[in-house]
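Structural overview for review
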Amino acid sequence: MENTAERAGAREWLGLAVLALPTLLLSVDATVLYLALPHLGADLRPSGAETLWIIDVYGFMIAGFLITMGTLGDRIGRRRLLLVGAVAFGAASVAAAYATDPTVLIAARALLGVAGATLMPSTLALISDMFRDPAQRGAAIGVWAACFSAGVAVGPLLGGLLLEFFWWGSVFLLAVPVMVLLLVAAPFLLPESRDPAPGRLDPASVALSLAAILPVVYGLKVIASEGLGPVALASVGAGVVFGALFARRQRTLPDPLLDLALFARPAFRAALLALLAGLAVVGVVYMFATQYLQMVEGHSPLAAGLWLLPSAVAMIVSSVAAPRLALRVPPGRLVAAALVLSAAGYALLGLLDGPGGLVLVVVGLVVVYAGIGPMMALGTDLVVGAAPANRSGSAAAMSETAMEFGLALGVAVLGSVGTAVYRAGLPEGAPPDAVESLAGALAVADGDAALVSSAREAFSSGLAAIGWIGAAVTLVVAAVSFAAARERGGPKAPEHAGVPAPAQAGEQTSGT
């Protein structure tokens, strides 16, 4: 007989709706700024370095503080941390919208990143705590994954609509009504939950985690924009050293900031690898595809956003459907099958041969995103479900950190490959701005049809190369996921959520 004692009711599902909004907003915020850059640049006139910091500091802060904030939520209460983060995110959004110079905007974006790091693991940990039944938890995380993924695809569309009628700061004000709704509804719909015996927060571990993550992310960003160099290598090297020191310290602490024992589970390792590699490939493909739609096919930002909608719909549908499919197929094998589907989509992109490939790109992205949806939903569920309830915030932070690292790694490595293919396809003696980027080529062409044609052909070749590499990488990760699923074995129904629901949960109160 089905155990209904742990099944969620109407209040929990309404609470999920409240948590879905900031999740959608955070992923929208990661992409909506790209469309606002021309307007922002004309108004604030930032330097090239300031422009990069405006774009990148948000991701730096999120990646750096995720582990700390996830563990902090386990200690002080995940709902409390969520509400504090909502206030900070709303305030920083207003500051960014009305920034009068680049320095203020950079500072506001940094605060947005820190606040975002409190929101992301808190939402996922609360979902894990609210939905104890494995099937319901899988469905709820599927909704969460769909919102997170859809926000990335919908961001350009929303940005394009806002910039048609308002100034560049309006893209930041999207956050304000969402955060107000969260602050009003959360005390009534979301329970408070925490680790009942959290232990002492180790300041040295916090410092070491930041010293490990921030230099690596920064180094990867430098590699993506400037190529390999001493600064990038030194930054990544320093991060690796501090990471080793961090891991060594965690093994000696009775209450570690990061529970390394979770990595002993094959399903946990495979799920993290799938999230990291999956986001690495899809992130850089998304970046190149949006440029292809606008600068090769000649569509406006709004039209490009509309062409991306089919892939967003495919991801939403597959994310929501995946938990139901996982009741019949072990989730590890389902993740592997979804990755094979994504690999097929990348292979379609690999067939791209210059301008005129709009249908191929749109269809390829639909297939890619149809496979990414189950990976996001079930991979996240496997990671969070593998952790005890009192460490759900820490586990959620690990899944989010893997995704953030994946995005940075993909842009740095695969983005560099695509750029190298683009540059190799340009004619000898091309202007330096044209060698730098396709946008630069179009800006300096000055009626040179041959340069424009060769630049568009070269960029298409770069996207195709990324497609073939993405297909190969995704197939390898699919094989690892399938092997981990075979090693794990066990009955199908409990596997849906990674492990059976924990026997003992962390402290929970109604929280009104």
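Let us look at the structure shown here. Going along each chain's sequence as written, the residues are numbered from 1 onward. Under the rules for a predicted model, residues below a pLDDT of 70 receive no local features and side-chain atom pairs below 80 are neither given nor counted, while totals for whole chains, interfaces and linings still include all residues. Excluded from the side-chain calculations are hydrogens and water; all other atoms, namely the structure's heavy atoms, are used.

Here we take up the overall build of the chain. The secondary structure listing takes helices from DSSP runs of H or I that are at least 4 residues long and strands from runs of E that are at least 2 residues long, numbered from the N terminus. Helices and strands together make up the secondary structure of the chain, namely 18 helices and two strands. A total of 512 residues make up the chain; the buried ones form 56% of that total. Contacts: residue pairs with any heavy atoms within 4.5 Å of one another. Sequence separation of 24 or more characterises 83% of the internal contacts of the chain that already satisfy a separation of 6 or more. Surface summary for the chain: the accessible area is close to 19,600 Å², and the carbon and sulfur share equals 68%. Buried, partly exposed and exposed residues are distinguished by accessible area as a fraction of the type maximum, computed with a 1.4 Å probe on protein chains only: under 20%, between the cut-offs, and over 50%, respectively. For the accessible areas, the method is Shrake-Rupley and the probe is 1.4 Å, while residue cover comes only from the protein chains on display.

This next bit is on the environment of Ala337. By secondary structure assignment, the location of Ala337 is in helix α12 (residues 331–350). Looking at Ala337, the relative accessible area reads 44%, which means it is partly exposed. Measuring from C-alpha to C-alpha, the distance between Ala337 and Pro374 comes to 9.3 Å, with 37 residues separating the pair along the chain.

What follows is about helix α7 (residues 175–189). The span you would expect from a helix comes to 1.5 Å times its residue count less one. Across its 15 residues, α7 extends 20 Å between first and last C-alpha, which sits within 8% of the 21 Å expected from 1.5 Å per residue. The reported bend at a residue is simply the angle between two axes, fitted to the 7 residues ending at it and to the 7 residues beginning with it. At Leu183, α7 shows its maximal kink, close to 30 degrees; a proline, Pro187, follows between one and four residues later. Listed in full, the buried residues belonging to α7 are Ala175, Val178, Met179, Leu182, Ala185 and Ala186.

Let us look at the packing of aromatic side chains. Here is the rule: rings of Phe, Tyr and Trp (six-membered ring for Trp) pair when centre to centre is within 6.5 Å. Planes less than 30 degrees apart are stacked, more than 60 are edge-to-face, and the remainder are tilted. Scanning all chains against the criterion turns up two aromatic pairs. Arranged with centres 5.2 Å apart and planes meeting at 15 degrees, the rings of Phe288 and Phe459 form a pair that is stacked. With a gap of 171 residues between them, Phe288 in helix α10 (residues 266–296) and Phe459 in helix α17 (residues 449–488) connect regions that are remote in the sequence. The interplanar angle of 75 degrees and the centroid separation of 6.4 Å between the aromatic rings of Tyr422 and Phe459 together place this pair among those described as edge-to-face. Separated by 37 residues along the polypeptide, Tyr422 in helix α14 (residues 392–424) and Phe459 in helix α17 bring together distant segments of the chain. Pair check on accessibility: Tyr422 and Phe459 agree, each one buried.

Geometry is summarised by axes, namely lines fitted to C-alpha atoms with helices restricted to the contacting stretch, and by angles between N-to-C directions that run from 0 to 180 degrees. Packing of helix α3 (residues 78–97) against α7 leaves a shortest axis separation of 9 Å and a crossing angle of 155 degrees. Classified by the interaxial angle, the pair formed by α3 and α7 is roughly antiparallel. The way α3 lies across α7 gives a crossing that is left-handed. Taking contact as the criterion, the partners of Arg79, Leu82, Leu83, Ala86, Val87, Phe89, Gly90, Ser93 and Val94 in α3 are, on α7, Ala175, Val176, Met179, Leu182, Leu183, Ala186 and Pro187. The labels follow the angle: roughly parallel below 35 degrees, roughly antiparallel above 145, roughly perpendicular from 65 to 115, and oblique for the rest. We call a crossing left-handed when the near helix sits turned anticlockwise from the far one by less than a right angle, and right-handed when that turn is clockwise.

Mapped onto the fold, Met130 is located in helix α4 (residues 102–130). Met130 gets classed as buried once you look at its relative accessible area, which sits at 5%.

Put simply, the grid is 1 Å and covers the protein atoms alone, a cavity is a trapped set of points that fit a 1.4 Å probe, a pocket is an open set with protein on both sides within 12 Å along at least five of seven lines, and lining residues have an atom within 4 Å of a point. Grid points are joined across faces, edges and corners, and a volume is the space filled by probe spheres set on the points. Put simply, the second largest pocket is a space of about 520 Å³. Listed by contribution, the elements that provide at least two residues to the lining of the second largest pocket are α8 (203–226), α9 (230–250), α10 and α14. Here the lining of the second largest pocket gets five residues from one element, more than from any other, and that element is α9. Following the grouping adopted for this structure description, the nonpolar residues are Ala, Val, Leu, Ile, Met, Phe, Trp, Tyr, Cys and Pro, the charged ones are Asp, Glu, Lys and Arg, and the polar ones are all others, Gly among them. Of the residues contributing to the lining of the second largest pocket, the split by class is 15 nonpolar, four polar and no charged.

A cluster of nonpolar side chains, Val94, Tyr98, Phe165, Phe166 and Trp167, forms an exposed patch at the surface whose accessible area comes to about 580 Å². Inspection of the secondary structure puts Phe166 in the loop between α5 (134–165) and α6 (170–173). Patch membership requires more than 30% relative accessible area and the absence of a salt bridge. Residues of like charge join within 9 Å; the nonpolar side chains Val, Leu, Ile, Met, Phe, Trp and Tyr join within 5 Å. Basic side-chain nitrogens of Lys or Arg form a salt bridge, by our definition, when they fall within 4 Å of a carboxyl oxygen of Asp or Glu.

Locating Ser460 in the fold gives a position in helix α17. The exposure class of Ser460 is buried, given its relative accessible area of 0%. Beyond its immediate chain neighbours, meaning those up to four positions away, Ser460 contacts Tyr292, Val296, Leu352, Gly354 and Pro355.

This brings us to α9. Taking 1.5 Å as the rise per residue, α9 with 21 residues should run 30 Å; its terminal C-alpha atoms sit 30 Å apart, in good agreement. Of all the residues in α9, the buried ones are Ala232, Ser235, Gly239, Phe246, Ala247 and Gln250. For α9, the angular spread of buried residues about the axis comes to 105 degrees, placing them on one side. With respect to the buried face of α9, the exposed residues turned more than 90 degrees away are Pro230, Leu233, Val240, Val241 and Arg248. Note that the arc is computed from the directions linking the helix axis to the C-beta atoms.

This paragraph deals with the packing of α3 against α4. The geometry of α3 relative to α4 is characterised by a closest axis approach of 8 Å and an angle of 150 degrees between their N-to-C directions. In this view, α3 runs roughly antiparallel relative to α4, as classed from their interaxial angle. Every pair of crossing elements has a handedness; the one defined by α3 and α4 is left-handed.

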